[in-house]
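An overview of the molecular structure
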Amino acid sequence: MNNPRFRLLSLLSEACELEHGLACSYLYAAFSLKQDLEDGITWQEQQKTRLWASQVLEVAAEEMFHLAQVWNLLIAIGGTPWYQRPAFPQSPRYYPLHLPLETRPFGLSVIERFIEFERPEPEAQALETLDDDAFHTVGELYRHIETLVHEGGPELFIGDPARQVGRDLLDFPNLIAIRDEASALAAIETIIEQGEGNPGDRNDGHDSHFQIFQAVRRSLLEEMVAADRDGRSFLPAFPCIENPTASSDLFAAPPEANLIGDAHTRELADTFDSIYVFMLRLLGWVFDADVAAGKQRAQFAGAALRMMTTVLKPLGEALASLPAGPQYENATAGAPFGVSRTVALPWSPDLSRRIANEKQSQLSSRLAELAKGGPAKVRLAATHLGEISL
Amino acid sequence: MAVDVGQFRRLSQTLTGCTPLSLELADRYLDNLADRPEAARLSELGTRLEGGEDPSTVLADPELKELVRLVLVLWYFGLLDITPAKALGPEQYYSGLFWSVVHAHPPGLSGGYSGYWAYPPEN
Amino acid sequence: MTDPKADVVVIGSGVCGAITAWQLAAQGKRVVLLEAGTNHVDRGHLVERFAGSADQGLGSPYHDRRNDRFAPASDTFNKDDGSYYVRGGPRTFQSTYVRRVGGTTWHFLGNTPRFVPNDFRLESRYGRGVDWPLSYDDLEPHYCQAEQWLGVSGDHDAWNVEELGTRSRPFPNREIWPSYSDRLFSGRVGDLSVEGTRVVLRTTPQARNSRPYDGRPACAGNSSCVPLCPIGAKYDGAVHVAKARKAGARLIAEAVVTKVAPTAERVAVVYRHYDGSEHTVEGRIAVVAANAIETPRLLLMSNLCASSGQLGRNLMDHLQGTVAAKAPEPVFPYRGPPTTSGIDAFRDGGFRREGGAFRLSLGNDGWGRGDHPTDRLRSLLDQGLVGTALRNELERQTVRLIRFSYSTEMLPRADNRVELADEVDALGLPRPRLFFSVDDYSRAAFKHAQSVCQAIFEAAGCEEIHVLSVGIDNVAPEDQFLGAGHISGTCRMGADPTASVVNADCQAHDHERLYILGSSVFPTEGTANPTLTAVALVSRALGSITAALDSWQ
């Protein structure tokens, strides 16, 4: 019984959840930063917060790339894209990871936790965990996957590479189709390098996530020390609550999550989640569609990208500045990234396009309604959502 | 000059077509205008605009047009539009309205994340 | 005061001097790196000065009273006395540089394409100019090295074609994201040919991180590359000055070199601090990397490299202009680097027999630095617009602004040159007197570039296509140009010592202990921004410098 296919499908799905969860964690932190002078920061602070936001978003974008790459891997060995993930906050027992995933606003302890997520695993410990499936870092999980890929050999690769997604559809220049063991291992090595980096040197100059977060931490500490020395207060982020949820439905959020109390904010947060899930469904369809549906794949992929960059980003940032509710005093909310019960789009191109259009229309009206009265970023998000054509 | 910060802000909002404007900046810009001869007619300008007059009719008066130009360039670019133009400081530069009106950002400030320029603007 | 213990004295801490100092120090050589300008390179302060200036101009971050006074450059010299350059005639030389630790890469755009193969053999191919004493193939591995050092981001597959020069290694970083505007434009001119040449929009190789690299962040689109990157995603020479010092090189800033004196055994380098005190440092070898104006100036002051008569001659710059237009749909300028893509199809061709080649950059910066949004606002006000109507019209007009910047090649000419003027600077050193003029080869290039841009914009459905006026008084429209800041040629390289200043290893023909690095050694200038080629030559010259140090005392 040396067919590791199903073990691999399971582990790859876990990897999906991890990359996806990390991406959302990083996005939440980036969205919480004050990036406009109107948020009450000085121009010097703005230089810093925009730089930190871009650095954290850089890492988040690479986790999304990793997610896309793992989706290709899944398809290559006979699976389909997995876009579910556990709700925030995750129980520490959910994965063997000793650091549970949560959504928390930008700050020193949060950056330090991010550093721990990406810390390279010393070689000795990696070998130790090969016997059981427990993994303590993301890197370990991938190394385990590599071992199983190697064990499985050529019979593993039964999926059609044409159904996978490349850089022509999504803006991930390193996204490759997986055809065989060599390409599978190359893809996984890229993921590991980008996260932990290679031991010793700097990956030919390419900074790993670990190094990027260390740079952010160093810069943040410098600003904190300077502010302390000058006797001024330095609050680079909004006072967002942790692990906000727009829903009391336990599927969407565990009891430890913080239900947003302000009605308007909660509705906006719920709309954010609906758009976010809709975007995932569009992407999921793109990754498993027929080659013949090329035009619609491009349409859906482009729409998903625009949804991310011109709708979810301003909406997520707006939520970070809106009141969380009286029970949280002066705290603000944040984007819940709640994945509710949802089904994939139907595989028929005509049907899925119809459903997508109906959904987009419904979300667009809802957001436009909520946007009346501002803030500006919500109005912008609503305009952009209305402009996306499917 | 007899125009207070609140009134100055309101007339600035009408003239620039942008709302809301920062009260703190309005205070500073009012200060910057204090020594300008054109500023003597600020109160009159404010009253006329608050009375519902179409801002473009104000431009028929050359002196008022000069005042309007000063107000516009202050808010849009953070500059005092005299000859040569006078910079007022980085805070004012980065507060310039022009850049967000054209869906961009002041040069020297990141637009948000690496690669944002590949997509249509979010702002 | 003398310190006889250095192996190499490097004059000039720009990219070429800094990399040279770093590489030699890393080999264990004792290196002294001299810089005329200041070492005040705190990025936060530079941003503050930039943002606090009235125009965010080229020199705006770098004005410093002492630096401007004692290590002047043309846009910082005391304006009351006139420009730093003395004009010998007939045209004003328009390009300038930064005299400060790190050099001119502080304000360079960051585009780093290679020369194309025929750029090295303009004479044998097209009967114009001169040939280099080396070929593209000779320099190719050094181009790869230069790209590694600078962290160039580029698309290997798109650039690995024969007419642009094949590549033996991928870029260290993948290409910078093409802009939304580039993508729209590509869509519109996809299959276009102009004059039988296919117009292909390619992402421009640039020394700008597409991803965090070498401890520096990825480009976050601050759009102020010229004159300053606030976050260090764009390469600047201070990166390698820091590495050089870490490797043991000794940096002496605010040290204006006044004389270089090679003997059989040593080179003595005399410099002056701003307080007027004079010092000497000696090395076994001296490297002058002080840019293509200051290098010949120093060598002329030192009475060196005189035998060929070419020192200071063949002064070149890329002569640029803009063809502006309004795009058929919003392209949203002022976002991302000022340019991310360009057209390289006219960098070579049979037409080079009659007129200069040119490179086109598609701008992400509206109508460029010569077009001021303040002017547009004032003009709308003059048209009677104010309030929401003005705001909407300002937006409507601005979001469709698009332009090509064309950068043309000029020929090396003996009468275009740097000499020493009688006028002196604050340290009593003769200022540079520049002789510069435009010829028919350049005029043909301007016309050619303009007509190609016109054709492309027309094919893309643009309106209001026009050549942007540069606004130089008393110069005919067909002779108007802007200087690119790509100064080169004044210490030309060649095999024949009677016709050139340095050999193919950048060693002075007249003085074996003297090396000259930087774009001053270019015999012709091609159409590429000079930095990458200058650094590739450094990579190549290091072999000769190291061998010389190892074999001599």
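Coordinates for the structure precede this section.
So, here is what we can say about the structure in this document. A quick note: this is a predicted structure, and the numbers were derived from the prediction, not measured.

All names here are of chain A. Spanning 12 residues, helix α11 (residues 376–387) covers 17 Å between terminal C-alpha atoms, matching the ideal 16 Å at 1.5 Å per step. Lys377, Val378, Leu380, Ala381, Ala382, His384 and Leu385 are the residues of α11 that are buried. For α11, the secondary structure elements touched by its buried residues are α8 (263–288), α9 (294–321) and α10 (349–371).

Residue and element names in this part refer to chain C. Here Gly237 is to be found in the loop between β7 (201–203) and α8 (238–246). What makes Gly237 buried here is the crowd of 29 C-beta atoms within 10 Å. In this structure the C-alpha to C-alpha distance between Gly237 and Val101, which are 136 residues apart in sequence, comes to 7.5 Å. When sequence neighbours within four positions are dropped, the list of residues in contact with Gly237 reads Ser13, Gly14, Val15, Ala18, Gly102, Gly103 and Thr105.

Attention now moves to the interface of chain A and chain B. Listed as interface residues are 18 residues of chain A and, on the opposing side, 15 residues of chain B. Contributions of two or more residues to the side of chain A that touches chain B are made by α2 (43–76) and α9 of chain A. No other element matches the 8 residues that α2 of chain A contributes to the side of chain A that touches chain B. Taken together, the residues that form the side of chain A that touches chain B break down as 8 nonpolar, 4 polar and 6 charged.

So, on to α8 of chain A. Taking 1.5 Å of rise per residue, 26 residues should cover 38 Å, and α8 of chain A covers 38 Å from first to last C-alpha, within 8% of that figure. Of all 26 residues in α8 of chain A, 20 are buried; the element is thus mostly enclosed.

So, about the interface of chain B and chain C. With 43 residues of chain B in contact, the opposing surface of chain C contributes 40 residues. Of all the elements in the fold, those that place two or more residues in the side of chain B that touches chain C are α1 (5–16), α4 (55–58), α5 (62–77), β2 (86–87), α6 (90–95) and α7 (98–101) of chain B. If one sorts the elements of the side of chain B that touches chain C by residue count, α5 of chain B sits on top with 6 residues. Residue composition of the side of chain B that touches chain C, by class: 30 nonpolar, 11 polar and 2 charged.

Here we take up the sheet that holds strand β4 (residues 86–90) of chain C. In a beta sheet, neighbouring strands are held together by backbone hydrogen bonds and run either parallel or antiparallel to one another. All names here are of chain C. Reading across from one edge, β4-β18-β17 is the order of the 3 strands in this open sheet, with mixed pairing throughout. Every other strand in the sheet has two partners, leaving β4 and β17 (417–424) as the edge strands with one partner each. Adjacent strand axes in the sheet meet at a mean angle of 30°, parallel and antiparallel pairs treated alike. The sheet contact formed by β17 and strand β18 (residues 430–436) spans 5 bridges and is antiparallel. In the sheet register, Glu419 faces β18, and the bridge partner there is Arg433. Contacts between helix α9 (residues 291–301) and the sheet are confined to β17 and β18, with β17 contributing the most and set at about 65° to the helix.

Put simply, Phe88 of chain A and Pro89 of chain A share a cis peptide bond, and its omega is -5°. If you trace the backbone, Pro89 of chain A turns up in the loop between α2 and α3 (108–117). The omega torsion of the bond from Thr83 of chain B to Pro84 of chain B falls at 0°, within 30 degrees of zero and hence cis. Mapped onto the elements, Pro84 of chain B comes out in the loop between β1 (79–80) and β2. A positive phi is found at Asn291 of chain C, a non-glycine position, where the angle reads about 80°. Here Asn291 of chain C shows up in helix α9.

Here we come to the pairing of strand β11 (residues 278–283) of chain C. Looking along a regular strand, one sees side chains alternate from face to face of the sheet. All names here are of chain C. As defined by bridge partners, strand β10 (residues 267–272) adjoins β11 across 6 bridges and the pair is classed as antiparallel. Of the residues in β11, the one forming a bridge with Val269 is Val281. In this antiparallel pair of consecutive strands, β10 and β11, the connection spans 5 residues, and Gly276 shows a positive phi of 90°.

What counts and how
Residues numbered from 1 in each chain as written. Chains lettered and ligands numbered in written order. Predicted model: local features only at pLDDT ≥ 70, side-chain atom pairs only at ≥ 80, totals over all residues. Helix = DSSP H or I, 4+ residues; strand = E, 2+ residues; numbered from the N terminus. Expected span 1.5 Å × (residues − 1). Buried ≥ 20, exposed ≤ 12 C-beta atoms within 10 Å, placed from the backbone. Contact = placed C-beta atoms within 7 Å. Nonpolar A, V, L, I, M, F, W, Y, C, P; charged D, E, K, R; others polar. Pairing = 2+ DSSP bridges. Axes fitted to C-alpha atoms, helices over the stretch in contact; angles between N-to-C directions.

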